[in-house]
Amino acid sequence: MSRKITFREKSPDNSLNNDTATGNSFNFEISMFEMARLILRKKKLISILTLSIMLLTTGYLFTLPNLYTSTATILPSGKSGAGMSAYLKSLVGLGIPAAISDENSSALFPVILNSQLVAKAVLAKEYEFEHNSESKKLTLPEYFDQTDPDKLRRSMMTITTIKMSQKTGEIAMGVETEFPEFSQAVLTKYIAQLEEFNLYKRRTSATDNEKYLARQIEKTKVKLTAAENKLETFQLANQNWAMTDSPEILKELMRLKREVEIASGTYLMLTQQYEMAKFVAKKDVPITRILDAPSLPTQKSGPFRRNIILLTGLLSCGLICFGIVLWDIFIKATGGKNKHEFGNFKSEIKIAFPRTNRMISRIKKSQEESTEVV
């Protein structure tokens, strides 16, 4: 099975020149059987190169340490009243999932875990653990052998995975290091920082409402006290207010009593709302519900040396075969009957790129001079 490839120059009137004797054609044949025979003839070279690459890959892989991944799972929290209909709408862009629309949900947990605030706390901690019956103390800057904050955060991203299921809302976390116990300790610190942030630093609208009502109660209490003081002062100045028939005194007395009643009613209403807001604020604190605590890995998570070596062998063998075939095609295309045309093609390239040609000539000349000196 062969295929003949022919390139012919066109005349100025765009008609093909059929005179192949003039050297204006570029012909060679590609045979699949010839390529297969070529690969068989070069099998020794292919084998040597492939095995060499596999041996180099093996040597490199065995310099890499084993890695162990500690994993944990966090359950979603927040309102779930939106139901499946809201989820289906979110899939087609017609709605927002309940986990995202509810500010008290776990939808922001991945953002919190990836924040610089949490990263700083995780990096600052010194972890104590036992490895092979030996007590170890290690920090992440020591583990990465790095002190630059930005590089440390990027290094943390390479060992940390945080994935949130769009369907169920659960969060899967993982930390991968050379020591199983170290991975578990770092992941435990991540979750502890998440819980601390939710309890003490994360603010919701219920918390803001509680603080707003507390301020309003203080203002209303001041107004109520001032109204009561005015009423008391007026009554002391008019000791016979209970028996008087004076319209002015009665009018002023009713006005002052009305101010006290309004301020008292407002104060009572705000106090009731404040007590309810405190209850709601405590209830709305996002709860970190751990389904699977950070695990202690017993099996390595990488590198998978055997698979990498086999894949490297297959890819290198294919690339070497392709390179041999390509080189053979190049030799055939530029030799024999096509040698003259190839020479013309090189000349046209030199004319098209004169600066590149001059630079190559200077490089060749300097190499020749250095060779002569040696």
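Residues numbered from 1 in each chain as written. Predicted model: local features only at pLDDT ≥ 70, side-chain atom pairs only at ≥ 80, totals over all residues. Heavy atoms only, no water.

### Structural notes on helix α12 (residues 305-334)
Link 1 in the chain: Between its terminal C-alpha atoms α12 stretches 43 Å, which fits the 44 Å expected from 30 residues at 1.5 Å a residue.
Link 2 in the chain: Taken together, the buried positions of α12 are R305, I309, T312, G313, S316, I320, C321, I324, V325, A333 and T334. (Helix = DSSP H or I, 4+ residues; strand = E, 2+ residues; numbered from the N terminus. Expected span 1.5 Å × (residues − 1). Buried < 20%, exposed > 50% of the residue type's maximum accessible area, 1.4 Å probe, protein only.)

### Side note on the pairing of strand β7 (residues 171-177)
Link 1 in the chain: In terms of burial, β7 is a largely internal element, 5 of the 7 residues being buried.
Link 2 in the chain: Taken together, the 5 bridges between strand β6 (residues 160-164) and β7 define a ladder with antiparallel strand orientation. The residue bridging M164 from the neighbouring strand is I171, located in β7.
Link 3 in the chain: Taking the residues that link successive antiparallel strands as the turn, the β6-β7 hairpin has 6 residues, and the phi of G169 there is positive, at about 85°. (Pairing = 2+ DSSP bridges.)

### Notes on helix α8 (residues 149-159)
Link 1 in the chain: Regarding α8, the residues found buried are L152, S155, M156 and I159. Projected down its long axis, α8 carries its buried residues within an arc of 105°, all on one side. Exposed side of α8, more than 90 degrees from the buried face: R154, M157 and T158 are the residues found there.
Link 2 in the chain: Tucked inside the fold, the buried residues of α8 contact α6 (116-124), α7 (140-144), β6, β7 and α9 (180-200). (Arc of directions from axis to C-beta. Contact = heavy atoms within 4.5 Å.)

### Concerning the pattern of salt bridges
Link 1 in the chain: For the coordinates displayed, the defined rule picks out 4 salt bridges.
Link 2 in the chain: R255 serves as the salt-bridge partner of E259, at 2.7 Å between the closest nitrogen and oxygen. Taken together, the residues span about one helical turn, with E259 and R255 both in helix α11 (residues 247-283) at a distance of 4 residues.
Link 3 in the chain: Accessibility expressed as a relative area gives 32% for R255, which makes it partly exposed.
Link 4 in the chain: A single network of salt bridges, built from pairs that share partners, joins E252, R255 and E259. (Salt bridge = Lys/Arg side-chain N within 4 Å of Asp/Glu carboxyl O.)

### Quick word on the pairing of strand β3 (residues 68-75)
One face of the sheet, then the other: side chains in a regular strand alternate in exactly this way.
Link 1 in the chain: Note: β3 against β7, 7 bridges, orientation antiparallel. Bridging across to β7, A72 finds its partner in M173.
Link 2 in the chain: Pairing of β3 with strand β8 (residues 289-292), which is carried by 3 bridges, proceeds in the antiparallel orientation. In the sheet register, L75 faces β8, and the bridge partner there is R289.

### Digging into the confidence of the model for the chain
Link 1 in the chain: With 77% of its residues at a pLDDT of 70 or more, the chain shows a mean pLDDT of 80.
Link 2 in the chain: Every residue in residues 4-23 scores below 50 in pLDDT, and together they form 28 contacts with partners more than four places removed in sequence or on other chains.
Link 3 in the chain: Contacts for the low-pLDDT stretch residues 79-101, under 50 throughout, to residues beyond four places or in other chains number 15 contacts. (pLDDT = per-residue confidence, 0-100.)

### Looking at unusual backbone geometry
Link 1 in the chain: In this chain, G302 is followed by P303 through a cis amide linkage whose omega measures -10°.
Link 2 in the chain: In this structure, S133 takes a positive phi of about 65° despite not being glycine.
Link 3 in the chain: Notably, D145 is not glycine yet its phi reads approximately 55°, a positive angle.
Link 4 in the chain: Take D145: it is sitting in the loop between α7 and α8.

### Re the packing of α6 against α8
Link 1 in the chain: Axis separation between α6 and α8 bottoms out at 11 Å; the angle between their running directions is 90°. Judged by the inter-axis angle, α6 sits roughly perpendicular to α8. Residues Q116, A119, V122 and L123 of α6 pack against L152, R153 and M156 of α8.
Link 2 in the chain: Considering only residue class, the contact of α6 with α8 consists of 5 nonpolar, 1 polar and 1 charged. (Axes fitted to C-alpha atoms, helices over the stretch in contact; angles between N-to-C directions. Parallel < 35°, antiparallel > 145°, perpendicular 65-115°, else oblique. Nonpolar A, V, L, I, M, F, W, Y, C, P; charged D, E, K, R; others polar.)

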